Amino acid sequence: MERIALKVQRRRYAREAVDEIAVYQRLRESGEICPEIIRLREAFIYDGHICLAFDRHGNSLWEALARGAIPPPRVRRGARQTLTALDCLHLAGYTHTDIKPDN
């Protein structure tokens with residue numbers, strides 16, 4: 001069984017969800033593949049909410065921090081992945097405005 005990550009945007013955040021979908025579509029259409037940016041598989045509406053299905057990507061930074069100190073090599077790897085993803089977004093003309101462990 002294949003696993004995905006599902007993000008459900010409530011009705012009141014529909015505009016933000018539509019904008020997010022447009023960003024993923026633009027990134028895909030640009031032909032630039034960035035392995036550090038999770039792939040949006042599909043988007044659909046369920047009970048009036050917009051649902052986004054992503055490739056599953058493991059634990060969040062927030063969960064790792066909750067378990068205690070993170071070893072420096074892992075911090076470097078995570079920082080490199082984050083900066084690579086931000087660079088890909090910037091090259092596509094976007095700026096991420098909500099960088100935090102949850103995201």
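Residues numbered from 1 in each chain as written. Predicted model: local features only at pLDDT ≥ 70, side-chain atom pairs only at ≥ 80, totals over all residues. Heavy atoms only, no water.

1. Quick look at the sheet that holds strand E3 (residues 49-55)
Each strand in a sheet pairs with another by means of backbone hydrogen bonds, the pair being arranged parallel or else antiparallel. Pairing in this open sheet of three strands is antiparallel, and the strands run E1-E3-E2 from one edge to the other. The outermost strands of the open sheet, each flanked by one partner alone, are strand E1 (4-9) and strand E2 (40-46). Strand-to-strand, the axes of this sheet are offset by a mean angle of 20 degrees, without reference to chain direction. Direction of pairing for E2 relative to E3: antiparallel, over a ladder of six bridges. Each bridged residue has a counterpart across the sheet, and for Leu40 the counterpart in E3 is Phe54. Sheet contacts for helix H1 (residues 14-29): E1, E2 and E3; angle to E3, the most-contacted strand, approximately 35 degrees. (Pairing = 2+ DSSP bridges. Helix = DSSP H or I, 4+ residues; strand = E, 2+ residues; numbered from the N terminus. Axes fitted to C-alpha atoms, helices over the stretch in contact; angles between N-to-C directions. Contact = heavy atoms within 4.5 Å.)

2. Observations regarding the pattern of salt bridges
Taken as a whole and judged by the stated rule, the model has seven salt bridges. For Arg11, the salt bridge is made with Asp47, and the minimal N-O distance between the two is 3.7 Å. With Arg11 in the loop between E1 and H1 and Asp47 in the loop between E2 and E3, this pair connects stretches of sequence that are 36 residues apart. Residue class for Arg11 comes out partly exposed when judged on its relative accessible area of 49%. Residues Arg39 and Asp55 are paired through a salt bridge, measuring 3.2 Å at the closest nitrogen-oxygen approach. One end of the pair, Arg39, is in the loop between H1 and E2; the other, Asp55, is in strand E3, and 16 residues separate them in sequence. What makes Asp55 partly exposed here is its relative accessible area of 21%. One connected set of salt bridges, linked through shared partners, spans Glu2, Arg39, Arg41 and Asp55. (Salt bridge = Lys/Arg side-chain N within 4 Å of Asp/Glu carboxyl O. Buried < 20%, exposed > 50% of the residue type's maximum accessible area, 1.4 Å probe, protein only.)

3. Considering the layout of surface pockets
Computed from the structure, the largest pocket encloses a volume of approximately 1900 Å³. Taken together, 41 residues form the lining of the largest pocket, with Glu36, His57, His96, Asp102 and Asn103 sitting closest to its centre. Counting only elements with at least two residues in the lining of the largest pocket, the list comes to E1, H1, helix H2 (61-66) and helix H3 (72-91). Of the residues forming the lining of the largest pocket, the biggest block, 10 residues, is contributed by H3. Of the residues contributing to the lining of the largest pocket, the split by class is 20 nonpolar, 11 polar and 10 charged. In this structure, the second largest pocket encloses a volume near 370 Å³. Forming the walls of the second largest pocket are 17 residues, and the residues nearest its centre are Leu27, Arg28, Glu32, Ile33 and Cys34. Taken together, the residues of the lining of the second largest pocket break down into 11 nonpolar, one polar and five charged. (1 Å grid on protein atoms, 1.4 Å probe; cavity = no way out; pocket = protein on both sides within 12 Å on 5 of 7 lines; lining within 4 Å. Points joined across faces, edges and corners; volume = space filled by probe spheres on them. Nonpolar A, V, L, I, M, F, W, Y, C, P; charged D, E, K, R; others polar.)

4. Some words on the side chain of Glu20
Of note, Glu20 is situated in helix H1. Note on Glu20: relative accessible area 18%, which makes it buried. Side-chain polar atoms of Glu20 contact the side chain of Lys7, separated by 2.8 Å. The contact partners of Glu20, leaving out residues within four places of it in the chain, are Lys7, Gln9, Leu52 and Phe54. (Polar contact = N/O pair within 3.5 Å; in protein donor to acceptor, adjacent residues only side chain to side chain.)

By themselves, these figures tell us nothing about what the structure is for.
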